[in-house]
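# Residue-level structural notes
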There are 2 protein chains.
Amino acid sequence: MIFSAGFAEAGTEGELLQQQIVDSAGSMRILGPNSLGVFNAKSNFWGTFTATLETGWPLPGRIGIASQSGAYGAHMLCAAREQRVGISVFVATGNEADITVAEAIGWMAKNDEIDIIISYMEGVRDGPKLISALRLARAARKPVIMLKAGRSALGSQAAKSHTAALAGDDAVIDAILREFGVIRVSGAQEALDIAKAATRGIYPENNTMGVLTVSGGAGIIISDEAEQQGVLLPEVPADARARMHDMLAYASTRNPVDCTAQALNESSLTGNFGIEMVQSDRYSSMLIFFSHAGGVASIVPALRAQLRRIREARPEILYILSVLASDDFVGQYEEDGFLVYDDPGRAVRAIGALGRLGKAFAAGEPSLPPGLPAFALPQEIPNEAMSKLVLAKAGINVTQDYVCLSAEKAQEAAGQAGYPVVMKILSPDILHKTEIGGVLLNVGSAEAVARGYELLMSRAQKSAPDARIDGVLVSQQVKGGVECIMGIQHDPIFGPMALFGLGGIHVEVFKDVVLRRCPFNVSEALKVIKSIRGLALLEGVRGSSPVDLNALAEMLSRLSVFAANAGPRLNNPVIATPDGAWAVDAVLELDDVLEKEEADTNTPMVEPF
Amino acid sequence: MIFSAGFAEAGTEGELLQQQIVDSAGSMRILGPNSLGVFNAKSNFWGTFTATLETGWPLPGRIGIASQSGAYGAHMLCAAREQRVGISVFVATGNEADITVAEAIGWMAKNDEIDIIISYMEGVRDGPKLISALRLARAARKPVIMLKAGRSALGSQAAKSHTAALAGDDAVIDAILREFGVIRVSGAQEALDIAKAATRGIYPENNTMGVLTVSGGAGIIISDEAEQQGVLLPEVPADARARMHDMLAYASTRNPVDCTAQALNESSLTGNFGIEMVQSDRYSSMLIFFSHAGGVASIVPALRAQLRRIREARPEILYILSVLASDDFVGQYEEDGFLVYDDPGRAVRAIGALGRLGKAFAAGEPSLPPGLPAFALPQEIPNEAMSKLVLAKAGINVTQDYVCLSAEKAQEAAGQAGYPVVMKILSPDILHKTEIGGVLLNVGSAEAVARGYELLMSRAQKSAPDARIDGVLVSQQVKGGVECIMGIQHDPIFGPMALFGLGGIHVEVFKDVVLRRCPFNVSEALKVIKSIRGLALLEGVRGSSPVDLNALAEMLSRLSVFAANAGPRLNNPVIATPDGAWAVDAVLELDDVLEKEEADTNTPMVEPF
């Protein structure tokens, strides 16, 4: 364990020193340098110099903190004590010359003393290690609560000057975290709020909350927050509502249930109302709001007795109490099995996270899609026709295209494809065909095809005199439908990432795209497609029929398999898919041949029509 | 002051009782019934039965709370003490038989003992009163921090069962709050965080923050949050950076400035670094993060001395300290002029709100646009041509249209307008023309116009045999540009609200629309237009030229004047405007004639061409 700073974070000389340490260590593992160290409360090992211990020990608990930053890790540790959250293990990885946060998360996922993992991370050094750690944690039903800093331009600039680690593409990291059901937070308080709620180990797939308050106003605020968090508030059953009405005519009995300030005069109302609610078995959690009344000495004993009655009626669900009370009283409520939050909004946000965890844990590891037979990518930048052939071999539905080397051949092809047709200049050197007028849509007659052929050739000649021209592509014109984009983006840390979005302005202006690590199966692809904001456009608006989402998902999954197999030489095939789902265009970029200015040959790569 | 419940909130009988009270009161003002009362700490008047006072008095301060809900108001009051925020006046309006929250806000805006207003509101009973209260508060540079509950479907349902007040259209209320620079929050904690930051009375128009930390990690998290909140982090000037570098070579000096844990060993670093930062005069606020170190007894005295040095160098800016410390230590920092927050993210969100307030206070009351001469709306539902005439009289730029009663007249009109033209069936009874095929675009020849005329007539005959047909409208075809929507929505509480958005899916699928109370001037209209998410489409994407935003703003402002003058009889004129900004369609709905199934006359309302 190396606490000292002045290594990789301090420039070239420090980097060399750090490398010397790594080399000298051989098979010995290293934590640090520039690390705040580690502690394990259970084994009573305190290998850290954090000043937080000067103000007190961590509370007992089953939560681990794995932090790249020592100071912010220590801040979370200290904030945990203030929020009454117990921490058992703390690891600060610092410069990560050897041990990384990813490895620490994986270790905590396997450790029986830890149920919940909080992590602070600036950069990811080893993608596969992070993925296997997150996979382990999900399989063990252990929440990972992640503070991935540097999500903004400002923040990632600050991160760059803080550690050597590259912040990485935040959208990619976000996709990875989402894939494994990691709860991403923006600060220590939020992380600890969620960790506290998770200490009961209740992760509902169907996240339903019963709300019992003494304030109608709080009930509304809680409802607002619940809707935003996707937490459901099912109504209390009619018979139970009737019985509550008999107990207190002016109570609100739907859910949120408001037993009004009358519950302070007649304490059994709280218990009786609560029992009616939990016995309905409609709620995976109960949020009970008593505000300052829960901190008034003359009220607390009777309130505790009533709360215990409720909990005894259904001990297996999650109970959260929102009160403003002294630490002493809070401790008493905790003893009774209630988690306590000052602010009801924070409690609802924590309950919302439990539901997202419940869904991720229940879904588990999706099966992998079937692989592809081995295949070779072309040796040179392929033209559109060739790119489509490659994709077609990977099982992707492409439009029927004809490569034509003369106007007559183009007319023949159009006759086969059926009018109207699309005509495009075919060249591996012209990536942005529309910009030079290299695409003609709705070409409706043989005469127009002939004119179109000459037009495209002369435009290509004029705009790109040095480009290799492989002829003109004549294609069936796909009618109607919605234009989509599917692509592959190669991430240096996590490998090929599939991208899906609606075409045109949706991608460019509204950034309505979703990323997913490759490969993935059809039902995962469907989840990806369904998570775009503009989904309604695919499901049909203004009386248009819904597109074939399954065909789209099938294609996206196959593209992900192709990308995963093709490895780093594949970059950015862009595909637009109308409602039957066809690739109407395709660009295959081959990283290592991209620099090559001239092609070696002028012969077209596929048999011309 | 009536504390008792059982009035309007308890059903019809209660409503009658409440009305009797109002009637008996005559000119005497009433607070309540169903109110928790009022207190004024300065005059030592405690007319409330809140149990919060059992656990202690409010801290001294210059903040007023005006709450419709008694229990939630009391919750805020109690939370204020826990967050060390002082409250001077508290009003709970309950059923609002007479005094409303709006009136209480207006009173606080005028009261010299109150600088900051926190309000909880479920429904707005009196729109104009709320508006004049918010106007007063803005003119007095007093922040209004509003918890408007019921923003979700769930929440507004809960609100309905809580008080008699209708929640109202949340989008409308949101627009009103935005108009007056009200800070809308979702819970007590957020409200109090912002109120605390506001106690220094510093509302920067140009919201710039200097960040000094002992944790690079915290610096990144603060940067992430700052970017989201629109808080700027200008760099420290080069000469000051050089001097800081000389003091500590491995410090980060850009901003966030990280003086590292070395500042704990060498306390003068904190002061020297901080002084360099504030003397640059680049920051309206300083956020200093010391986490748990700021709570360590052996560190606090030296740290305080250094913090005081920084503040003395520039006492006029806002100082916020983020530390985890005991109440005693926090009190000492407060005495030194530092506001203290546990969580740096919460501090940044509060600083962000100060900047939004600064902009609103500086902008002040926008001038009113010039009015319109008195005009009468048509007596019956007007057809499109008539609607456009009405709008044209209000100064709104409409397309040149020709009402044609025969195919020959249509051909003549098309010749005048210039080919291609648009042809539409003209009927006040057919609101959705496209759905019955009643619109023909790009009609390119005299022959096509004649065929078009017959086609439109036969379609109208077939789809709407009972509709009054006023002929066919021939219009110039506006080319290119971007389709927009301008409309007027009549709100029962706030009157006519103008709506602006991009046409088609942007409104229907993405709800990308903005509302603004009518009337408003051109520069306000421009702000409205610039606040849509899809603004980039108007500014030009993919090489298309930007549209004429000023013409659009001019039109929107004129529409708002028209709507304000036309009063409640105007409803929902929908206008699409391409890049020169023309109304290409118009629907004027007249509420009180909408029910009328048949028109009295079959003669067209404007002179046919």
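Residues numbered from 1 in each chain as written. Chains lettered and ligands numbered in written order. Predicted model: local features only at pLDDT ≥ 70, side-chain atom pairs only at ≥ 80, totals over all residues. Heavy atoms only, no water.

### Some thoughts on the overall build of chain A
As a reminder, the rule being used: Here a strand is any run of E in DSSP of at least two residues, a helix any run of H or I of at least four, and the numbering for each starts at the N terminus. Every residue pair with non-hydrogen atoms within 4.5 Å of one another is taken to be in contact. Shrake-Rupley sampling with a 1.4 Å probe provides the accessible areas, and residues are treated as covered by the protein chains on show and by no other component. In this tally, Lys and Arg are treated as positive and Asp and Glu as negative; His is ignored, and so are the chain termini. A charged residue contributes its charge at one atom only: NZ of Lys, CZ of Arg, CG of Asp or CD of Glu.
Helix and strand counts for chain A come out as 21 helices and 21 strands. When the backbone C-alpha atoms are referred to their principal axes, chain A occupies close to 95 × 70 × 40 Å. Residue pairs at least 24 apart in sequence account for 71% of intrachain contacts in chain A once pairs closer than 6 positions are excluded. In the form shown here, chain A has an accessible surface area of approximately 24200 Å², with 51% of it arising from carbon and sulfur atoms. Between the centroid of the 52 positive side chains of chain A and the centroid of its 70 negative side chains there is a distance of 5 Å.

### Some points on the interface of chain B and chain A
Note the threshold: In what follows, salt bridge is the name for a side-chain nitrogen of Lys or Arg lying within 4 Å of a carboxyl oxygen of Asp or Glu. Any pair of nitrogen or oxygen atoms within 3.5 Å is treated as a polar contact; in protein, a donor-acceptor pairing is required on top of that, and neighbouring residues in sequence qualify only through side-chain atoms on both sides. Each residue gets one of three labels, nonpolar for Ala, Val, Leu, Ile, Met, Phe, Trp, Tyr, Cys and Pro, charged for Asp, Glu, Lys and Arg, and polar for the others, Gly among them.
The interface is formed by 76 residues belonging to chain B together with 76 residues belonging to chain A. Inspection of the region where chain B meets chain A yields four salt bridges. At the junction of chain B with chain A, the criterion picks out 18 residue pairs in polar contact (both at pLDDT 80 or more). Here the element with the most residues in the side of chain B that touches chain A is helix α8 (residues 216–229) of chain B; it accounts for eleven residues. Broken down by class, the residue content of the side of chain B that touches chain A amounts to 33 nonpolar, 26 polar and 17 charged.

### Focus: a nonpolar patch on the surface
Which entries qualify depends on this criterion: Patch definition: residues with relative accessible area over 30% and no salt bridge; like charges joined within 9 Å; nonpolar side chains (Val, Leu, Ile, Met, Phe, Trp, Tyr) joined within 5 Å.
A surface patch of nonpolar side chains, amounting to about 400 Å² of accessible area, comprises A:M1, A:F3, A:F45 and A:F49. Take A:F45: it is sitting in strand β2 (residues 45–48).

### Re the packing of aromatic side chains
Here a ring pair, both rings aromatic, is described through the centre-centre distance and the interplanar angle of the planes. Residues and elements named next belong to chain B. The line we're drawing: Note on aromatic pairs: the rings of Phe, Tyr and Trp (six-membered ring only in Trp) are paired at centre separations within 6.5 Å, and the planes decide the class, stacked below 30 degrees, edge-to-face beyond 60, tilted for the rest. Only protein chains enter the area calculation, which uses a 1.4 Å probe; residues under 20% of their type maximum are buried, those over 50% are exposed, and those in between are partly exposed.
Inspection of every chain in the model, using the stated rule, returns 17 aromatic pairs over all chains. Aromatic pair Y72 and Y120: ring centres 5.4 Å apart, planes at 35°, arrangement tilted. Note that Y72 is positioned in helix α2 (residues 70–82) and Y120 in strand β5 (residues 116–121), a separation of 48 residues in sequence. The buried category is assigned to Y72, whose relative accessible area is 0%. On the numbers, 5.1 Å between centres and 90° between planes, the contact of Y203 with F361 is edge-to-face. One end of the pair, Y203, is in the loop between α7 (188–198) and β8 (209–213); the other, F361, is in helix α14 (residues 344–363), with 158 residues separating them in the sequence.

### Thoughts on the nonpolar core
Operational definition: Remark: nonpolar core denotes a set of buried residues (Ala, Val, Leu, Ile, Met, Phe, Trp, Tyr, Cys) joined through side-chain atoms within 4.5 Å.
Residues A:Y72, A:I118, A:M209, B:Y72, B:I118 and B:M209 are the most contacted members of the largest nonpolar core, which totals 118 residues. Apart from the residues lying within four places of it in its own chain, the contact partners of A:Y72 are A:Y120, A:L147, A:G187, A:A188, B:S215, B:G217, B:A218, B:I221 and B:F289. In this structure, A:V514, A:F520, A:A525 and A:L549 belong to the second largest nonpolar core, which totals 40 residues.

### Details of the relation of the copies chain B and chain A
Test applied: We superpose the copies by least squares over the C-alpha atoms of residues that have a pLDDT of at least 70 in both of them.
Under the fitted operation, chain B is carried onto chain A by 0.0 Å of movement along the axis and a turn of 180°, and the coordinates agree to an RMSD of 0.1 Å. On the angle and the small slide along the axis, the relation comes out as a two-fold axis. Interface overlap between copies: 100% of the residues of chain B at the interface are likewise at the interface in chain A, consistent with a symmetric, same-surface contact.

### Points about the environment of B:E408
Residues and elements named next belong to chain B. Looking at the element boundaries, E408 is found in helix α16 (residues 407–417). According to the relative accessible area criterion, E408 is exposed, its value standing at 53%. With 170 residues separating them in the primary sequence, E408 and A238 have C-alpha atoms 77 Å apart.

### Some remarks on the pattern of salt bridges
All names here are of chain B. Applying the stated rule across the entire model yields 68 salt bridges over all chains. In this structure, the salt-bridge partner of R254 is E235, at a minimum N-O distance of 3.0 Å. Highlighted residues: R254 in the loop between α9 (238–247) and β9 (257–258) and E235 in the loop between α8 and α9, separated in sequence by 19 residues. Put simply, K527 and E524 hold a salt bridge, and the shortest N to O gap is 3.0 Å.

### Topic: the sheet that holds β5(B)
Residues and elements named next belong to chain B. For clarity, the cut-off: Two strands form a pair only when DSSP identifies at least two bridges running between them.
On the basis of which strands lie adjacent, the open sheet formed by seven strands has the order β2-β1-β4-β3-β5-β6-β7 and mixed pairing. Looking at the sheet topology across the chains shown, the edges are occupied by β2 (45–48) and β7 (183–184). Across four bridges, the pairing between strand β1 (residues 37–40) and β2 is antiparallel. Its bridge partner being in β2, N40 is matched across the sheet by F45.

### Description of helix α14 (residues 344–363) of chain A
All names here are of chain A. Which entries qualify depends on this criterion: To estimate the expected span of a helix, subtract one from its residue number and multiply by 1.5 Å.
Taking 1.5 Å per residue, 20 residues should reach 28 Å; α14 reaches 29 Å between its end C-alpha atoms and fits that length. Across the 20 residues that make up α14, a large majority, 15, are buried. Positive phi appears at G364, one or two residues downstream of α14, with a value of about 65°.

### Quick word on unusual backbone geometry
In this model, A:Y419 is joined to A:P420 through a cis peptide bond whose omega is -10°. For A:P420, the position within the fold is in the loop between α16 (407–417) and β14 (421–426). If you check the backbone angles, A:R84 has positive phi at about 60° while not being a glycine. By the element assignment, A:R84 lies in the loop between α2 (70–82) and β4 (87–92). Even without being glycine, B:N255 reaches a positive phi, approximately 125°.

### Some thoughts on the environment of B:L354
Residue and element names in this part refer to chain B. Relative to the assigned elements, L354 resides in helix α14. Once the C-alpha coordinates of L354 and I202 are considered, the two residues, 152 residues apart in sequence, prove to be 7.3 Å apart. When sequence neighbours within four positions are dropped, the list of residues in contact with L354 reads A197, A198, I202, Y203, P204 and L318.

These figures capture arrangement, not role.
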